[in-house]
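Spelled out from the first residue to the last, the chains are:
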Amino acid sequence: PRAQSELAKYFKQTKLTSFQRQLNLYGFARITKGKDRGGYYHELFLRHKLFLCQKMTRIRIKGTGVKGRSNPESEPNFYSMTFLTE
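When you go through the chain residue by residue, the secondary structure sums to 3 helices and 2 strands. Reading the secondary structure of the chain in the N-to-C direction produces α-α-β-β-α. Sequence separation of 24 or more characterises 44% of the internal contacts of the chain that already satisfy a separation of 6 or more. Surface exposure of the chain reaches about 7,800 Å², of which carbon and sulfur atoms provide 54%.

Attention shifts here to the packing of aromatic side chains. Going through the model one piece at a time under the given rule, you end up with 2 aromatic pairs. Both rings, one in F11 and one in F19, keep their centres 4.8 Å apart while their planes meet at 45 degrees; by these two values the pair is tilted. Aromatic pair F28 and F45: ring centres 5.4 Å apart, planes at 65 degrees, arrangement edge-to-face. Within this pair, whereas F28 is found in the loop between α2 (16–25) and β1 (29–30), its partner F45 is found in the loop between β2 (40–41) and α3 (50–53), the two being separated by 17 residues in sequence. The exposure class of F28 is buried, given its relative accessible area of 14%.

Turning our attention to a nonpolar patch on the surface. Taken together, the side chains of F78, Y79 and M81 make up a nonpolar region of the molecular surface, amounting to roughly 320 Å² of accessible area. Relative to the helices and strands, M81 resides in the segment after α3. Of the residues examined, M81 reaches a relative accessible area of 47% and is grouped as partly exposed.

Right, let's talk about the environment of R47 for a bit. With respect to the helices and strands, R47 occurs in the loop between β2 and α3. With a relative accessible area of 59%, R47 lands in the exposed category. In this structure, the C-alpha to C-alpha distance between R47 and L84, residues 37 residues apart in sequence, is 7.6 Å.

The next point concerns the confidence of the model for the chain. Confidence in the prediction for the chain averages 82 pLDDT; 87% of positions are at 70 or higher. Looking across the chain, the model is least confident in helix α1 (residues 2–10), with a mean pLDDT of 78, and most confident in β2, with 91.

Tracing the chain through its elements places H42 in the loop between β2 and α3. C-alpha separation for the pair H42 and A29, spaced 13 residues apart in sequence, amounts to 6.5 Å. Non-local contacts of H42, meaning those with residues more than four positions away in its chain, are made with Y26, G27, F28 and M56. Within the local environment of H42, its side chain forms a polar contact with the backbone oxygen of Y26, the two atoms lying 3.1 Å apart.

Conventions and cut-offs
- Think of each chain on its own: its residues are numbered from 1, step by step along the sequence as written.
- Totals for whole chains, interfaces and linings use all residues, but because this is a predicted model, local features are given only for residues with pLDDT of at least 70 and pairs of side-chain atoms are given and counted only at 80 or more.
- To obtain the side-chain values, all non-hydrogen atoms of the structure were used and water was disregarded.
- Going along the chain from the N terminus, every DSSP run of H or I of four or more residues is numbered as a helix, and every run of E of two or more is numbered as a strand.
- Every residue pair with non-hydrogen atoms within 4.5 Å of one another is taken to be in contact.
- All accessibility values rest on the Shrake-Rupley procedure with a 1.4 Å probe; residue burial counts only the protein chains present in the view.
- Aromatic rings from Phe, Tyr and Trp, taking only the six-membered ring of Trp, are treated as a pair when their centres fall within 6.5 Å; an angle between ring planes under 30 degrees marks them as stacked, one over 60 as edge-to-face, and anything in between as tilted.
- Each residue's exposure class comes from its accessible area (1.4 Å probe, protein chains only) as a fraction of the maximum for that residue type: buried when under 20%, exposed when over 50%, partly exposed otherwise.
- Patch membership needs two things, relative accessible area over 30% and no salt bridge, and members are linked within 9 Å if like-charged or within 5 Å if nonpolar (Val, Leu, Ile, Met, Phe, Trp, Tyr).
- Definition used for salt bridges: Asp or Glu carboxyl oxygen within 4 Å of a side-chain nitrogen of Lys or Arg.
- The predictor rates its confidence in each residue with pLDDT, a number between 0 and 100.
- As used in this structure description, the phrase polar contact means that two N or O atoms lie within 3.5 Å; if the pair is within protein, one of them must be able to donate a hydrogen and the other to accept it, and residues adjacent in sequence are counted only when both atoms belong to side chains.

Here it is, written out as structure tokens:
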């Protein structure tokens, strides 16, 4: 479907589940409430701040089969933050 064709444009991954697994391995967290529900965020992945991405590392642990619970209260509110400029 559409998600797969969009993924193929920008990433090597073509399956959404494989892409989500990669996001999790790099420490991205899923947003569980608000307008951006279902999206992902990472504190070092910010527009126009490419130098921060260099500090991102892939997690090298084997899966335990147990998924940690999300905490909506700890998620950032992007709409209350000031806009970053270049």
